[in-house]
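# Topology and contacts: notes
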Amino acid sequence: MTSYREQALKKLTDEREGVKLSGGASANTVLSTIIQPVIDALESFVKQDEEFAQAVAQGGTLQKCFEAVYKAIKDSNFALSDFKTYETAAGFFFPGCKIRYHMDIDLCGSVNKEAPEQKRKSITVSFDDLF
């Protein structure tokens, strides 16, 4: 028997090619620019959490997920951030989930490439703090 992670990853791979939106050419142009980054994010979440993997494996189709994502994009007058796009996709499979983002700034990265990362001085900023 395969794990939920394996099932979910297979589902994302198998269903990707069949995703088409009914909103016409403009909808499918939007889809073509977001489908791989969104699938990459979903795959990352699946690999991180078995419960999320189970939700994807047993949840709705990738087609329905992207219909929900496209509706959110359209409802925002095509101004939905990448962060909200990923959260909408994840929320389709696991309603109510939130995604937290952060970035690290390596203040000496350009001159200290040889130092191990754990010894580098950096600043971490949560994207949640920016909203």
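Our subject is the structure listed above.
Described in the following lines is the structure provided in the data block. (Residues numbered from 1 in each chain as written. Predicted model: local features only at pLDDT ≥ 70, side-chain atom pairs only at ≥ 80, totals over all residues. Heavy atoms only, no water.)

One pass over the structure, following the stated rule, counts 5 aromatic pairs. Ring plane angle 90° and centroid distance 6.0 Å describe the contact between Phe 45 and Phe 52, whose orientation is recorded as edge-to-face. Relative accessible area serves as the criterion here: at 7%, Phe 52 is assigned to the buried category. Linked through ring pairs, Phe 45, Phe 52 and Phe 94 together constitute an aromatic cluster. (Phe/Tyr/Trp six-rings, centres within 6.5 Å; stacked < 30°, edge-to-face > 60°. Buried < 20%, exposed > 50% of the residue type's maximum accessible area, 1.4 Å probe, protein only.)

Our next topic: the nonpolar core. When a protein is soluble and globular, its nonpolar side chains tend to lie buried together. Core analysis: the largest hydrophobic core is formed by 30 residues, its most contacted members being Leu 42, Phe 52, Leu 62 and Phe 66. Only helix H1 (4-16), helix H2 (25-48), helix H3 (50-58), helix H4 (62-75) and helix H5 (82-93) provide two or more residues apiece to this core. The greatest single-element share of this core, amounting to 11 residues, is contributed by H2. With residues near it in sequence (within four places) discarded, Leu 62 still touches Leu 12, Glu 15, Arg 16, Val 19, Ile 39, Leu 42 and Phe 93. (Core = buried A, V, L, I, M, F, W, Y, C linked by side-chain atoms within 4.5 Å. Helix = DSSP H or I, 4+ residues; strand = E, 2+ residues; numbered from the N terminus. Contact = heavy atoms within 4.5 Å.)

Okay, the pattern of salt bridges next. One side chain can pair with another of opposite charge once the charged atoms of both are near each other. Per the counting criterion, the structure on display carries 7 salt bridges. Among the ionic pairs, Arg 5 bridges to Glu 50, the shortest N-O distance being 3.0 Å. Of this pair, Arg 5 sits in helix H1 while Glu 50 sits in helix H3, placing them 45 residues apart in sequence. With a shortest N-O distance of 2.6 Å, Lys 71 and Asp 75 are connected by a salt bridge. Here Lys 71 pairs with Asp 75, and both are found in helix H4, just 4 residues apart, close to one helical turn. Side by side, Lys 71 and Asp 75 carry an identical accessibility label, which is exposed. Connected via shared salt-bridge partners are Lys 84, Glu 87 and Lys 98. (Salt bridge = Lys/Arg side-chain N within 4 Å of Asp/Glu carboxyl O.)

Relative to the assigned elements, Phe 66 resides in helix H4. Counting along the chain gives 26 residues from Phe 66 to Phe 92, while the straight-line C-alpha distance between them is 9.0 Å.

As a further point, take the side chain of Glu 43. Assignment of secondary structure puts Glu 43 in helix H2. In this structure Glu 43 is buried but unpaired, with Lys 47 as the nearest side chain of opposite charge at 5.2 Å. With sequence-adjacent residues up to four places away left out, Glu 43 is seen in contact with Leu 9, Leu 12 and Thr 13. (Lys, Arg positive; Asp, Glu negative; His and termini not counted.)

The next thing to look at is the side chain of Glu 87. Following the sequence through the fold, Glu 87 ends up in helix H5. Relative accessible area serves as the criterion here: at 13%, Glu 87 is assigned to the buried category. Setting aside anything within four residues of it in sequence, one finds Glu 87 in contact with Cys 97, Lys 98 and Ile 99.

Another aspect to go through is H2. Helix length check: H2, at 24 residues, gives a terminal C-alpha distance of 35 Å against a target of 34 Å (1.5 Å per residue), a fit within 8%. When the local axis directions of H2 are compared, the greatest deviation, roughly 40°, occurs at Ile 34, which is followed within four positions by the proline Pro 37. Next to the buried residues of H2 lie H1, H3, H4 and H5. (Expected span 1.5 Å × (residues − 1). Bend = angle between axes of the 7 residues up to and from the residue.)

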